[in-house]
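Fold and geometry: a report
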Amino acid sequence: WFSPPGGTAVKGWFGKEVVLDLTVNPGAGTSPVMKTTYDYFNDTTPGWYDTRKLWRLDADPSAAAAGQLTWSDYTGYPEIRVTSGANSSGRPPSLTQYLFFRGLNADSGTNPGSNVVDTKGVARIDARWLRGRTREIRSFGTAFTAAGEVTATITDYFVATPAGITPGAINYVRPSFVDTYIAGT
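To continue, consider the overall build of the protein. When helices and strands are counted, the protein shows 1 helix and 12 strands. What you see in the protein, going N to C, is helices and strands ordered as β-β-β-β-α-β-β-β-β-β-β-β-β. A total accessible area of about 11,300 Å² is found for the protein, and carbon and sulfur atoms account for 57% of it.

Bringing a nonpolar patch on the surface into the picture now. A cluster of nonpolar side chains, contributed by Val-19, Leu-22, Val-24 and Met-34, occupies part of the molecular surface with about 310 Å² of accessible area. Within the secondary structure layout, Val-19 lies in the segment before β1 (21-24). The exposure class assigned to Val-19 is partly exposed, which follows from its relative accessible area of 46%.

Moving on, we come to the packing of aromatic side chains. Counting across every chain of the model gives 5 aromatic pairs. Note on Tyr-98 and Phe-100: the rings are 6.2 Å apart at their centroids and 15 degrees apart in plane angle, and the pair reads as stacked. A relative accessible area of 27% means that Tyr-98 is categorised as partly exposed. Plain terms: the ring middles of Phe-101 and Tyr-157 are 6.0 Å apart, the flat faces sit at 80 degrees to each other, and that makes the pair edge-to-face. Here Phe-101, found in the loop between β7 (94-100) and β8 (115-117), pairs with Tyr-157, found in strand β11 (residues 149-160); they are 56 residues apart in sequence, far enough to count as distant. Judged by its relative accessible area of 2%, Phe-101 falls in the buried class. When the ring centre of Tyr-181 is taken as reference, the NZ or CZ atom of Lys-120 above it lies at 4.2 Å.

Right, let's talk about the side chain of Thr-83 for a bit. With respect to the element layout, Thr-83 can be found in strand β6 (residues 79-87). A relative accessible area of 17% places Thr-83 in the buried class. Residues within four places of Thr-83 in sequence aside, it is in contact with Lys-35, Thr-36, Thr-37, Pro-93, Ser-94, Leu-95 and Phe-144.

The subject of this paragraph is the pattern of salt bridges. Pairing between side chains becomes possible if they bear opposite charge and their charged atoms approach one another. One pass over the full model with this rule turns up 5 salt bridges. For Glu-79, the salt bridge is made with Arg-81, and the minimal N-O distance between the two is 2.6 Å. Overall, Arg-81 belongs to the partly exposed group, its relative accessible area being 22%. Ionic pairing is found between Asp-156 and Arg-135, a salt bridge with its closest N-O pair at 2.6 Å. You can see Asp-156 sitting in strand β11 and its partner Arg-135 sitting in strand β10 (residues 134-140), a full 21 residues away along the chain.

This next bit is on the environment of Glu-79. Secondary-structure assignment places Glu-79 in strand β6. Assessed through its relative accessible area of 12%, Glu-79 is described here as buried. Along the sequence, Glu-79 and Glu-136 sit 57 residues apart, while their C-alpha atoms lie 9.5 Å from each other. Among residues more than four places away in sequence, those in contact with Glu-79 are Asp-39, Tyr-40, Phe-41, Gln-97 and Tyr-98. Within the structure, the side chain of Glu-79 is placed 2.7 Å from the side chain of Gln-97, a separation counted as a polar contact.

Turning to the confidence of the model for the protein, a few remarks are in order. Per-residue pLDDT for the protein has a mean of 80; in total, 79% of the residues score no lower than 70. Mean pLDDT across the secondary structure elements of the protein bottoms out at strand β3 (residues 45-46), with 47, and peaks at β10, with 95.

As a further point, take the environment of Trp-129. Along the polypeptide, Trp-129 turns up in the loop between β9 (123-125) and β10. Each C-alpha atom of the pair Trp-129 and Val-159 lies 8.3 Å from the other, and the pair is 30 residues apart in sequence.

Quick look at the environment of Arg-124 now. If you trace the backbone, Arg-124 turns up in strand β9. The spacing of Arg-124 and Phe-101 is 23 residues in sequence and 9.0 Å in space, taken between C-alpha atoms. Not counting residues up to four positions away in its chain, the partners in contact with Arg-124 are Phe-101, Asn-115, Val-116, Arg-135 and Asp-156. Within the structure, the side chain of Arg-124 is placed 2.8 Å from the side chain of Asp-156, a separation counted as a polar contact.

Cut-offs and rules
Residues numbered from 1 in each chain as written. Predicted model: local features only at pLDDT ≥ 70, side-chain atom pairs only at ≥ 80, totals over all residues. Heavy atoms only, no water. Helix = DSSP H or I, 4+ residues; strand = E, 2+ residues; numbered from the N terminus. Areas by Shrake-Rupley, 256 points an atom, 1.4 Å probe, with all protein chains shown as cover. Patch = residues over 30% accessible without salt bridge, like charges linked within 9 Å, V, L, I, M, F, W, Y side chains within 5 Å. Salt bridge = Lys/Arg side-chain N within 4 Å of Asp/Glu carboxyl O. Buried < 20%, exposed > 50% of the residue type's maximum accessible area, 1.4 Å probe, protein only. Phe/Tyr/Trp six-rings, centres within 6.5 Å; stacked < 30°, edge-to-face > 60°. Lys NZ or Arg CZ within 6 Å of the ring centre and 35° of its normal. Contact = heavy atoms within 4.5 Å. Polar contact = N/O pair within 3.5 Å; in protein donor to acceptor, adjacent residues only side chain to side chain. pLDDT = per-residue confidence, 0-100.

Right under this line is the structure:
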């Protein structure tokens, strides 16, 4: 549901497009063309095939009261793998994997009790106020495999609600612990 300027609320369809690749051509000179690709994953399935868990049920109380709840809250992909720097000079690309919080825990729809699990197997509640924040960033040398991993950074967050505010309505969020490790150590 959305309200056009000066209009009444109407039901509509919303779509999201993702960037699959980006090519930078510096033009004339000695710098090579550089390509960056983005691969989106949703529960280990390439995301453009499975979009079931990319949206959450709108939590707006006024929409609920008006009977206008829809799956209109886009939460994004939980995992994105970025390959950048591949070019004609033969330089190996950098490989980076990002794991995100999306705020799906306690969704009124299909995601009650949702967690984000990092590569060490630690589960954290996928709380709404952590949506869009990074849980883990991993860099790889030659391939997106455990053997190719070079470094990883896992972040935990501190969340506080100011006094006198309904818990969850407004939260102060900041990193509380950042653990960076080097593969093989």
